[in-house]
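Reading the structure
In case you want the letters, here they are:
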Amino acid sequence: MTTSTSFREAEMEARARRAVMESGDWLTVDEILQLQGVSSHSGCAQPAQWKQQDEIFTINDHGTEYYPAFGLEKEAGYQPYSVMSKIIDIFKDDKDGWGMAIWFQSVNSYLGREKPQALIGSDPDLVINAAIDEVQGVKHG
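Residues numbered from 1 in each chain as written. Predicted model: local features only at pLDDT ≥ 70, side-chain atom pairs only at ≥ 80, totals over all residues. Heavy atoms only, no water.

A few words now on the packing of aromatic side chains. Across all of its chains, the model carries 6 aromatic pairs by this definition. Seen in terms of ring centroids, Phe 70 and Phe 104 are 5.2 Å apart; in terms of plane orientation they differ by 45 degrees. Their pairing is tilted. Taken together, the positions of Phe 70 in the loop between strand S3 (64–68) and strand S4 (72–73) and Phe 104 in helix H5 (residues 97–104) put the pair 34 residues apart, joining distant regions of the chain. A relative accessible area of 1% means that Phe 104 is categorised as buried. With centroids separated by 5.1 Å and ring planes inclined at 75 degrees, the aromatic side chains of Trp 103 and Phe 104 adopt a geometry described as edge-to-face. Linked through ring pairs, Trp 26, Phe 57, Phe 70, Phe 91, Trp 103 and Phe 104 together constitute an aromatic cluster. Above the plane of the ring of Phe 91 lies Lys 95, whose end atom (NZ or CZ) is 5.4 Å from the centre. (Phe/Tyr/Trp six-rings, centres within 6.5 Å; stacked < 30°, edge-to-face > 60°. Helix = DSSP H or I, 4+ residues; strand = E, 2+ residues; numbered from the N terminus. Buried < 20%, exposed > 50% of the residue type's maximum accessible area, 1.4 Å probe, protein only. Lys NZ or Arg CZ within 6 Å of the ring centre and 35° of its normal.)

Moving on: the pattern of salt bridges. Side chains that differ in charge, positive against negative, can pair when their charged atoms come close. On inspection of all chains with the given rule, the structure shows 5 salt bridges. We note a salt bridge from Arg 15 to Glu 11, for which the minimum N-O separation is 3.9 Å. Linking Arg 15 with Glu 11, this pair stays in helix H1 (residues 3–22), spanning 4 residues, or about one helical turn. Taking the relative accessible area as the measure of exposure, Glu 11 reaches 36% and is therefore partly exposed. Linking Glu 13 and Arg 17 is a salt bridge whose minimum nitrogen-to-oxygen distance equals 3.0 Å. You can see Glu 13 and its partner Arg 17 sitting in helix H1, 4 residues apart, about one turn around the helix. Under the relative-accessibility criterion, Glu 13 is labelled partly exposed at 35%. (Salt bridge = Lys/Arg side-chain N within 4 Å of Asp/Glu carboxyl O.)

The next subject is helix H7 (residues 124–136). An ideal rise of 1.5 Å per residue puts 18 Å on 13 residues; H7 measures up with 18 Å between its terminal C-alpha atoms. Taken together, the buried positions of H7 are occupied by Val 127, Ile 128, Ala 130 and Ala 131. Relative to the axis of H7, the buried residues are bounded by an arc of 160 degrees and lie together on one face. One or two steps after H7, the chain reaches Gly 137, where phi turns positive at roughly 75 degrees. (Expected span 1.5 Å × (residues − 1). Arc of directions from axis to C-beta.)

So, in structure tokens, the structure goes:
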């Protein structure tokens, strides 16, 4: 890889990270705990436990850990969607938190140009298939 190629890739990565943070789809632990219904939900696990148990992923921006708001199911007291753990498992060897964040927030041709985050609640199996497709890559024959 040439220096100019690695510089361009780093520049693209920085732009993608900025877009993720500017999307407004990310919450701190304190913000999650303030959501209506979180504290009243019986047996509510803490966000750190969700991450430890691979029920959700996080990104770290300037020393602050952020959780994906789109990964929390409002109707379940803002608990992580069950599909999140399956997707994390699919990506565990290929993407870190930032890689998953960028994937969830990018238009996806497998999903008919929808973003994976938009379909978590309505079509989780399709999002799982898109994640598998992402890991396997396009095979040309």
